[in-house]
Amino acid sequence: MLPGATLGLLFGVWLFQQQAQVWSLSVWLGWLLALGLAALLAHIRQIGADRLPSVLSLSFRPLFFRRLALIVLVAAIGFGWAQSRAAWRLQAALPQACEQQPLKIEGVIVSVPTRDARGQHVDFAVEHHFDAHCPVPPRLRLHLYEQSYRHGPAQPASTLPLLQAGERWQFTVKLKRPHATRNPHGFDYAAWCLANQVGAAGAIVSKAPMRRLQAMVWQPAAIIARWRAQVGARIQQVLGVTPASGVLRALVIGDDSQISRADWQLFVDTGINHLISISGLHITMLAALGYLVTGWLWRQQPRWALWLPSTLAARTGGALVAVIYSALAGFSIPTQRTLWMLLTMLGMLSVRRQLPFSWILSVALWVVLLLDPWAVLTPGFWLSFGAVALLAFGMGGRLRPGPAWQAAVQTQWLVTLAFVPILILLFNQVSVVSPLANALAIPLVSLGVVPLAIAGAVLPVDALLVLAAQLWRWLAWGLAQLSQFSWAVCYLPTPSMSAWLLAMLGMLVLLLPKGWPLRWFGFVLWLPLCLPPPSTLKPGDMRVTVLDIGQGLSVLVQTASHSMLYDAGPIYHEESDAGQRIVLPYLRHLGLSRLDLAVVSHDDNDHVGGMASVLAGVPATRLLSSLTEEANFFAQLKAIPQAATMPHLACHAGQHWQWDQVSFKVLYPIEEAGIPLKDNDKSCVIQVLSAHGSLLLTGDIEQYAEQRLLAQAGETLSSTVMTMPHHGSKTSSSPAFVQAVKPAIAIATVGYLNRFGHPKQAVLSRYEAVGSQHYRSDQHGAVVLDFIQGDRPKVVSWRQVEPHYWD
């Protein structure tokens, strides 16, 4: 019954996390009472069935109903438990009226500070707030900026304090509630903040007084943070700022901020990215090492065994090593989840009774879900428990276990096979070289690099760190050779649920014991995963996706067999941009392996910043832009082999083409000799006309460009849908231009509580005056418009498709 009840708990917790809002207490209690009555009726039916003749009792199937009632009841309890935890945590949310208001707070730095070109970033445990009307969440993510949004100096770095872990400070801050961009198949930052107890994030006001109240706070979180910072500093002192030192910091203290984007891409392409952190595998391997060493020491002292059996002592030693290593990781939420799972399993194995493995796994799952009901939102939870369950299924019950090397090969083979459908669903890619890469990396990293790095970081023996770094360099070289094969990574679109379930069934068939008939048929069930997604667009139709990328613009236009990407959003910092985080995952979710045209409207960060990352992953046949050859963007393209020779056309009025009976016209910029233009007024303006409506893409044009368009294009500007020029700023969307376009739908792509105040209320009023319905990416998320019938598109906003209670 325990495995069944565990499935009920898992379903109940998962079901709550899909809710659009937290249920009221009375509604939930009503449902729980109804389910309790159903369970009672099932029990009464069981009693009645027991009194009937055996032949008649078979029709009632009393055991089935009792088990079903128990599963449903446990699911309801799991739902209620997750809801109560969520309601409690949401009570600490920052009031909306207090966002972006200067608030004075006092607290302790409880993380290892990360530093980049823009400034310093820390986690802050709030001890006191000084505004009774604005209660502050207990944990914040704070940024002390040295560089502004436009990359100009906000304040000289020499005048700013160097923040250290474990210090107590008094700051004035401006905070925002956690807010996620919302896109199909996108990462939900707000859910991550909720799960990681980050109640708000914001900037430290550098012009206000910043007071260091105490150099070291003797609290557990502060002590652990200072210890981790010192260990990280030692690694960097011995190895310098190198790729190897960045990886060792990630493996020892869980700080991956110094790993470059190129290195991360290498780890993802070779399928070893799960190793480049304090992962469950490393914690388990070190716990096993602690188990073996403690057991060996105990056996050297027979008297110790009289006080505590050697097996129990060994398990205690393994558990202690796991706890210490988790502390070195800062007890991050994924690390805690692994630790709870491991400690539960060790505890269950210590019981003087042989228990089925399904019971041990079930108890571990109960512990994790009760302590962290948000675990079901993370891929790591499903991958961790799924791997353990699938290994038990694939390797359990064998009559003759093979030698250790054969078991290791079989384990790698089973994990590789089992995770193919899951990785395609979650990440749209499978590393073909992953089995070989992991066969090399797992023993080398877990048994060599990690123990040597920890020993060298904790003990004053530099040679250990140097040896760990050298082992890593050899491995990195081998991974780089593997990743150079053109077939190293396979990208596939997100499968339909029916195709994915078939593939999972095929995976189970493949994992059946040797000798089971037709095991090869499992590969046949995988075939639907490899089929290209059917096009739902006919000639004359188009689909437009205005992505939610924060303060910036990125629009994908698709016809029956062609696609155009207009801009790709901003660079967030030197290791991250909207192209890498949002646009590229969306293109791969759709199964697009090539763009027919990439358009860069003009040379502003919030439009061009992510395009190089997109073209590095999904090449384009042509590039159309208003950029000059001196633009930094072209220097970036030269470093991308597949984009370096891509034809580039200068954008100017008069260009036109047709795809699948859908017409594209460039309306601006208009060539004018001797007239210098602002970057915004160089924006490439494109009008797209289909059988079911039209679209006007305006970039960041301001009123001068709007006047030129009115003079040249006149009545042809009228469009069904338009993106608001310059994100709805007061320098654009002049009344005459809005009247000429007169869109049925106007879309403003803006960041949440952006510093520019876009879109301006006066601008929104102009669109409302001509009868336009307006959408905002910060409120509606990505907006998908299907021009497939009638003269107006069908509109879907992604926050309506996927509403969540934490929003």
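Residues numbered from 1 in each chain as written. Predicted model: local features only at pLDDT ≥ 70, side-chain atom pairs only at ≥ 80, totals over all residues. Heavy atoms only, no water.

(A) Examining the sheet that holds strand 24 (residues 773-776) more closely. Reading across the sheet, the 7 strands line up as 18-19-20-21-22-23-24 and stay open at both edges, with mixed pairing between neighbours. Edge strands, defined here as strands with exactly one partner in the open sheet, are strand 18 (656-659) and strand 24. Geometrically, the sheet is characterised by an average inter-axis angle of 20° between neighbouring strands, direction not taken into account. Note: strand 23 (residues 745-748) against strand 24, 4 bridges, orientation parallel. Across the sheet, the residue bridging to Ala 748 is Arg 776, located in strand 24. In the packing of helix 25 (residues 703-712) onto the sheet, the strands contacted are strand 19 (662-668) and strand 20 (685-690), and the crossing angle to strand 19 comes to about 120°. (Pairing = 2+ DSSP bridges. Helix = DSSP H or I, 4+ residues; strand = E, 2+ residues; numbered from the N terminus. Axes fitted to C-alpha atoms, helices over the stretch in contact; angles between N-to-C directions. Contact = heavy atoms within 4.5 Å.)

(B) Quick peek at the nonpolar core. Grouped together as the largest cluster of nonpolar side chains are 49 residues, with contacts concentrated most on Leu 248, Val 252, Ile 272 and Trp 472. Within the residue set of this core, elements represented by two or more residues are helix 6 (220-239), helix 7 (243-253), helix 8 (261-270), helix 9 (280-300), helix 11 (310-328), helix 12 (333-349), helix 16 (434-458) and helix 17 (462-483). Setting aside residues no more than four positions away along its own chain, Val 252 makes contact with Val 231, Ile 235, Ile 278, Tyr 325, Leu 328, Ala 453, Ile 454 and Ala 457. Leu 355, Leu 361, Trp 374 and Ala 375 belong to the second largest nonpolar core, which has 32 residues in total. (Core = buried A, V, L, I, M, F, W, Y, C linked by side-chain atoms within 4.5 Å. Buried < 20%, exposed > 50% of the residue type's maximum accessible area, 1.4 Å probe, protein only.)

(C) Quick peek at the packing of aromatic side chains. Inspection of the entire model under this criterion finds 21 aromatic pairs. Summarising the aromatic geometry, the rings of Tyr 189 and Trp 192 are spaced 6.1 Å apart at their centres and angled 15° between planes, so their arrangement reads as stacked. Taken as a pair, Tyr 189 and Trp 192 lie in helix 5 (residues 189-195) at a separation of 3 residues, close to a single helical turn. A relative accessible area of 28% places Tyr 189 in the partly exposed class. With a relative accessible area of 30%, Trp 192 lands in the partly exposed category. Among the aromatic residues, those joined into a ring-pair cluster are Phe 16, Trp 23, Phe 79, Tyr 805 and Trp 806. Across the ring face of Phe 130, the terminal group of Lys 104 is positioned such that the distance to the ring centre comes to 5.3 Å. Just above the ring of Trp 657 sits the side chain of Arg 622; from NZ or CZ to the centre is 5.7 Å. (Phe/Tyr/Trp six-rings, centres within 6.5 Å; stacked < 30°, edge-to-face > 60°. Lys NZ or Arg CZ within 6 Å of the ring centre and 35° of its normal.)

(D) Region of the structure containing unusual backbone geometry. With an omega of 15°, the peptide bond running from Tyr 668 to Pro 669 counts as cis. Looking at the secondary structure, you find Pro 669 in the loop between strand 19 and strand 20. The peptide bond linking His 758 to Pro 759 adopts the cis configuration, its omega dihedral lying at -10°. In this fold, Pro 759 is placed in the loop between strand 23 and helix 27 (761-769). For Gln 100, which is not glycine, the phi torsion reads 65° and is therefore positive. Its place among the elements puts Gln 100 in the loop between helix 4 (62-90) and strand 1 (102-109).

(E) The arrangement of helix 9 in detail. Relative to the 30 Å expected for 21 residues at 1.5 Å per residue, helix 9 spans 30 Å between its end C-alpha atoms, a close match to the ideal helical length. Every buried residue belonging to helix 9 is among His 282, Ile 283, Leu 286, Ala 287, Gly 290, Thr 294, Gly 295 and Trp 298, and all of these are buried. Those residues of helix 9 that are buried lie in contact with helix 7, helix 10 (302-307), helix 11, helix 12 and helix 16. (Expected span 1.5 Å × (residues − 1).)

(F) Just the environment of Gly 295, in detail. Tracing the sequence through the fold places Gly 295 in helix 9. Residue Gly 295 is classed as buried on the basis of its relative accessible area of 4%. Expressed as a C-alpha distance, the spacing of Gly 295 and Ser 310, which sit 15 residues apart in the sequence, is 5.7 Å.

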